[in-house]
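# Structure at a glance
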Amino acid sequence: MTTIHPHIKTQNYHAAILPSVNLQRQRQLPFVTLARKQGSEGKQRRRFEKTSGMVVKCAKGIQDFIGGDLVRLDLGRWLSDVEEHKSLAIYSPHEGGYEGRYLNRLRYKGYQFLDLSARGLGDPETTLTKVHPVCPAHLGKQPIARWYFPPEVDYRLQMLPPNATGLVVWILEAKVLSKAELQFLVLLPTLRPKVRVIAECGNWRKFMWTPLKEIAGFPAKEGE
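Note that this is a predicted model, so its numbers are computed, not measured. (Residues numbered from 1 in each chain as written. Predicted model: local features only at pLDDT ≥ 70, side-chain atom pairs only at ≥ 80, totals over all residues. Heavy atoms only, no water.)

## Quick word on the packing of helix α4 (residues 75-85) against helix α5 (residues 98-108)
One can describe the packing of α4 onto α5 by two numbers: an axis separation of 11 Å at closest approach and a directional angle of 60°. Relative to α5, the crossing made by α4 is right-handed. Residues Leu75, Trp78, Leu79 and Val82 of α4 pack against Arg101, Tyr102, Arg105 and Leu106 of α5. Counted by class, the contact of α4 with α5 contains 6 nonpolar, no polar and 2 charged residues. (Axes fitted to C-alpha atoms, helices over the stretch in contact; angles between N-to-C directions. Helix = DSSP H or I, 4+ residues; strand = E, 2+ residues; numbered from the N terminus. Left-handed = near helix turned anticlockwise from the far one by under 90°. Contact = heavy atoms within 4.5 Å. Nonpolar A, V, L, I, M, F, W, Y, C, P; charged D, E, K, R; others polar.)

And the structure:
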């Protein structure tokens, strides 16, 4: 008979967790670790050694039940910043999903979307505003061909429905772009007034955004 606690006794019990004889008393026991010792007859014996007590508490808030992004009432500021700055750099949590709520708010306002990935985008100015060539993979057997595509932004602007507010160019993984490429994205709403730019420039613990010109390194205007 191995005595583990004055109120709990077990016989030949080899698990790392105490038996649930008395669950209420078991929860009050200090944290225990498992140690092995070699006997004289070659048999392994196990015994529990008491260590310092440890208490772990998990705080619960309203965001744990209805979603952390639903608690932040910042959609009005989000819409006003999009209209004011016209190009924003956003930072979303690693688990994803938070940016969809802000995207839907722009969709409710009548915006259409052009989703592009910064990886493989090439020169943003050429791809978005000029006729640009694309070379398909030839696999080493076919001759190298070159196809020409229309400007992505101009083509989408022509396809906008009459009641659309504008076009949002949503750039994924924009953290790989250089400052010169980010500077063009800042100037794109000036070249195409109905265009807004949202660039995903990284991750953060909560969803946040900042004017893209601050990330691109544009000099601040006098009085700001």
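## A closer look at the environment of Asp154
As for its position among the elements, Asp154 is in helix α7 (residues 152-158). The sequence separation of Asp154 and Val131 amounts to 23 residues, and the corresponding C-alpha distance is 9.9 Å. Those residues in contact with Asp154 that lie beyond four places of it in its chain are Leu128, Thr129 and Arg192. For Asp154, the side chain forms a polar contact with the side chain of Arg192, separated by 2.6 Å. (Polar contact = N/O pair within 3.5 Å; in protein donor to acceptor, adjacent residues only side chain to side chain.)

## Notes on the confidence of the model for the protein chain
Reading fine detail from the predicted coordinates is not recommended where pLDDT is low. Predicted confidence across the protein chain gives a mean pLDDT of 77, with 66% of residues reaching 70 or more. The element-level mean pLDDT for the protein chain is lowest in helix α1 (residues 23-27), coming to 44, with strand β9 (residues 166-172) highest at 95. The model gives residues 6-37 a pLDDT under 50, and that stretch makes 50 contacts with residues more than four places away or in other chains. (pLDDT = per-residue confidence, 0-100.)

## Quick notes on the pattern of salt bridges
Considering all chains together, one arrives at 5 salt bridges under this definition. The partner of Glu125 in a salt bridge is Lys130, and the shortest N-O contact between them spans 3.7 Å. Across the pair Arg192 and Asp154 runs a salt bridge whose closest N-O atoms are separated by 2.6 Å. Separated by 38 residues along the polypeptide, Arg192 in the loop between α8 (179-191) and β10 (195-203) and Asp154 in helix α7 bring together distant segments of the chain. (Salt bridge = Lys/Arg side-chain N within 4 Å of Asp/Glu carboxyl O.)

## Remarks on α8
The terminal C-alpha atoms of α8 lie 18 Å apart, and with 13 residues this matches the ideal 18 Å at 1.5 Å per residue to within 8%. Every buried residue belonging to α8 is among Leu182, Phe184, Leu185, Val186, Leu188 and Pro189, and all of these are buried. In this structure, the buried residues of α8 make contact with β5 (87-92), α6 (124-129), α7, β9, β10 and α9 (212-216). (Expected span 1.5 Å × (residues − 1). Buried < 20%, exposed > 50% of the residue type's maximum accessible area, 1.4 Å probe, protein only.)

## Remarks on the environment of Lys130
Within the secondary structure, Lys130 sits in the loop between α6 and β7 (132-134). Sequence separation of Lys130 and Glu152 is 22 residues, and the distance between their C-alpha atoms is 8.1 Å. When residues no more than four places from it in sequence are discounted, the contact partners of Lys130 are Glu125, Phe149, Pro150 and Pro151.

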